[in-house]
Amino acid sequence: MADPAAHIPHQVRPPDPFAEARSKSGADVGTFHGEDLLMLLRWKDVRAAARDFEHFDSSVRGRVPIPPEDEIRPFRQLPIETNPPEHGRWKEIVLPYFRRPMDPAAKAEFECILASRVTKALKGSVMEMVRDFALPVQSASLAVLLDTDRDIAAEWQGWGLHAFRTDGKTDPAKAARFLEFIDRMLNRGLVEPDMGLFSALHDARFEERPLTRDEMRGICHLSLAGGRDTVINAIVGTLAHMAQTPEDLDRLRDEPSLIPVATEEIFRVLSPLPQIARVCPHGYEHGPLTVAPGDRAALCWAAANRDPEVFESPEELRIDRARNPHVAFGAGTHTCLGAPMARLLVRTLLSQLAERVERIEVLNSVARTNPFGTPYLFESFHARLVGRKTS
Ligand code: HEM
């Protein structure tokens, strides 16, 4: 039999670019979109910075994301662009939606979205997994998460892999279209009570007052954009790993209780959101490296997740890694609100593959690289799911 992963290029498992800097000083300087950023690389330092709001401030509009977004939106993304205790009050407003993966009816809907995509892939001869598998799963799941009109997913799908970036760069035309969409949904929510989050925001209260339109926009902006390319890369990365390592798929078939453990390991290794920024109001010093007051530093989740002080043989994807305190979803108060849905999707994908798919054959793939050494990153990934024979 031909090697099913023969068409996965080798660079999809790049070496750790931070190994030396992490062990020598724990920090490095990287240039991202013309901005020099001091990057914290050690697990311990990244976790500590995520909890230190005095020195690593989250509350400056547009300056948590990399590249910054202060020029494309005149409002803060909420709840992320806040510090405690304000943060907790915003989080309370959106939490019922982000908890929906724990609701049995919603959970069944998420599972059904994935199962029907697997069915579609099994029926066809070959599928482009980025745009025809992961993107529709992400869009349909988001409509369930926000409990809004399920038909909107088709419009989201048309946006492609990112709501307002093209090739990693902010795209002003896409950004404007995104804002127009958010306003259109909020207008529908005002008159249609069954638009989920878009309706609920009109009744929500922050410190007993109604939200301003900009605050509603800030919540929608993050809810719609936060988990797009991250979820897509996690789904495609899962498929690619199982194509390249069929023995892992066989093991999950024999030991389905490992699926939650394998899911965490996939998130650790992929770290689909590699880093995020904080403003340093008082400046910051890390050995000889410094951040001027008001400039930014990066918390590099991807580097922290490969810290050999914490993870034995961090380069290996071990689906049975028992102790796995990864920070793929961040740390502390801003820990990802979309994590329950992301986890549910990858777990469901793994169980669908284990139950229904004998092997994944890769026909053609175009890999992407990034400065974080992220493995299994693809521009396109054409593969065939070969079904299991049922007796
Ligand atoms: C594999 C998928 C995902 C990864 C790896 C990921 C990663 C992260 C990380 C690292 C943070 C922490 C940011 C910080 O400390 O500043 C975060 C926060 C957040 N993420 Fe995700 N995310 C994913 C999926 C999603 C999804 C699907 C959604 C929504 C639909 C989402 C919404 C959010 C929100 C709202 C926050 C802010 C939480 C807060 O400030 O309390 N994420 N995410």
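See the structure shown above.
Criteria and cut-off values
Residues numbered from 1 in each chain as written. Predicted model: local features only at pLDDT ≥ 70, side-chain atom pairs only at ≥ 80, totals over all residues. Helix = DSSP H or I, 4+ residues; strand = E, 2+ residues; numbered from the N terminus. Rg over C-alpha atoms; globule rule 2.2 N^0.38 Å. Contact = placed C-beta atoms within 7 Å. Near = placed C-beta within 6 Å. Nonpolar A, V, L, I, M, F, W, Y, C, P; charged D, E, K, R; others polar. Pairing = 2+ DSSP bridges. Core = buried A, V, L, I, M, F, W, Y, C linked by C-beta atoms within 7 Å. Buried ≥ 20, exposed ≤ 12 C-beta atoms within 10 Å, placed from the backbone. Expected span 1.5 Å × (residues − 1). Arc of directions from axis to C-beta. Axes fitted to C-alpha atoms, helices over the stretch in contact; angles between N-to-C directions. Parallel < 35°, antiparallel > 145°, perpendicular 65-115°, else oblique. Left-handed = near helix turned anticlockwise from the far one by under 90°.

**Structural notes on the overall build of the protein chain**
Phase 1 of the analysis: When you go through the protein chain residue by residue, the secondary structure sums to 14 helices and 13 strands.
Phase 2 of the analysis: The C-alpha radius of gyration computed for the protein chain amounts to 21 Å, which stays within 12% of the reference 21 Å derived for 391 residues, consistent with globular compactness.
Phase 3 of the analysis: Along the three orthogonal principal directions, the C-alpha set of the protein chain runs to about 60 × 60 × 35 Å.
Phase 4 of the analysis: For the protein chain, the proportion of contacts with a sequence separation of at least 24, taken over those separated by at least 6, is 69%.

**Remarks on the site of the ligand**
Phase 1 of the analysis: The environment of the ligand is formed by 28 residues, the closest being Gly226, Gly227, Gly330, Cys336 and Gly338.
Phase 2 of the analysis: Those elements that provide at least two residues to the shell around the ligand are helix H5 (129-145), helix H9 (213-225), helix H10 (229-244) and helix H14 (339-356).
Phase 3 of the analysis: Here the shell around the ligand takes 3 residues from H10, the largest share from any one element.
Phase 4 of the analysis: Classifying every residue of the shell around the ligand gives 19 nonpolar, 8 polar and 1 charged.

**A few points about the sheet that holds strand E13 (residues 378-387)**
Phase 1 of the analysis: With antiparallel pairing, 3 strands are arranged side by side in an open sheet as E3-E13-E12. The open sheet has two edge strands with one neighbour each: strand E3 (127-128) and strand E12 (357-367).
Phase 2 of the analysis: Of the strand pairs in this sheet, E3 and E13 are connected by 2 bridges, and their pairing is antiparallel. Across the sheet, the residue bridging to Glu128 is His382, located in E13.

**Thoughts on the pairing of strand E1 (residues 27-32)**
Within a regular strand, side chains alternate between the sheet's two faces.
Phase 1 of the analysis: As paired strands, E1 and strand E2 (residues 35-40) are joined by 6 bridges and run antiparallel to one another. Bridging across to E2, Ala27 finds its partner in Leu40.
Phase 2 of the analysis: Between E1 and E2, which follow one another and run antiparallel, lie 2 residues, and His33 among them has a positive phi close to 50°.

**Side note on the nonpolar core**
Phase 1 of the analysis: Counting residues in hydrophobic clusters, the biggest one holds 113 residues, and the most contacted among them are Leu40, Val46, Ile235, Val236, Cys300 and Leu345.
Phase 2 of the analysis: With sequence-adjacent residues up to four places away left out, Val46 is seen in contact with Leu40, Leu299, Cys300, Trp301, Ala304 and Val327.

**Remarks on helix H4 (residues 104-123)**
Phase 1 of the analysis: For H4, spanning 20 residues, the distance from its first C-alpha to its last is 28 Å, which sits close to the expected 28 Å at 1.5 Å a residue.
Phase 2 of the analysis: Taken as a whole, H4 has its buried residues at Phe110, Ile113, Leu114, Arg117, Val118 and Ala121. End-on, the buried residues of H4 take up no more than an arc of 125°, which puts them together on one face. For H4, the exposed residues lying more than 90 degrees away from the buried face are Pro104, Ala105, Ala108 and Lys123.
Phase 3 of the analysis: The elements touched by buried residues of H4 are E3, H5, H14 and E13.

**A few points about the environment of Arg359**
Phase 1 of the analysis: Assignment of secondary structure puts Arg359 in strand E12.
Phase 2 of the analysis: Residue Arg359 is classed as partly exposed on the basis of its 18 C-beta neighbours within 10 Å.
Phase 3 of the analysis: Sequence separation of Arg359 and Gln244 is 115 residues, and the distance between their C-alpha atoms is 9.7 Å.

**Examining the packing of helix H12 (residues 259-270) against H14**
Phase 1 of the analysis: Where H12 contacts H14, the axes come no closer than 9 Å and their chain directions differ by 120°. Classified by the angle between their axes, H12 and H14 sit oblique to one another. Helix-helix and strand crossings are classified by hand; for H12 and H14 the assignment is right-handed. From H12, Ile259, Pro260, Ala262, Thr263 and Ile266 reach across to H14, where they touch Arg343, Val346, Arg347, Leu350 and Ser351.
Phase 2 of the analysis: Of the residues assigned to the contact of H12 with H14, the class counts are 6 nonpolar, 2 polar and 2 charged.

**Comments concerning helix H7 (residues 172-191)**
Phase 1 of the analysis: Here H7 spans 29 Å end to end across 20 residues, near enough to the 28 Å set by a 1.5 Å rise per residue.
Phase 2 of the analysis: Listed as buried for H7 are Phe178, Ile182, Met185, Leu186 and Gly189. Taken end-on, H7 shows its buried residues confined to a sector of 100°, consistent with a single buried face. Across from the buried face of H7, at angles greater than 90 degrees, the exposed residues are Pro172, Ala173, Ala176, Glu180, Asn187 and Val191.
Phase 3 of the analysis: For H7, the secondary structure elements touched by its buried residues are helix H8 (197-203) and H9.

**Regarding unusual backbone geometry**
Phase 1 of the analysis: Here Ile66 and Pro67 are connected by a cis peptide whose omega angle stands at 0°.
Phase 2 of the analysis: Position of Pro67 among the secondary structure elements: in the loop between helix H2 (43-51) and helix H3 (86-98).
Phase 3 of the analysis: Residue Pro84 is joined to Pro85 through a cis peptide bond whose omega torsion reads 5°.
Phase 4 of the analysis: Relative to the helices and strands, Pro85 resides in the loop between H2 and H3.
Phase 5 of the analysis: A positive phi angle, close to 35°, is found at Ser271, a residue other than glycine.

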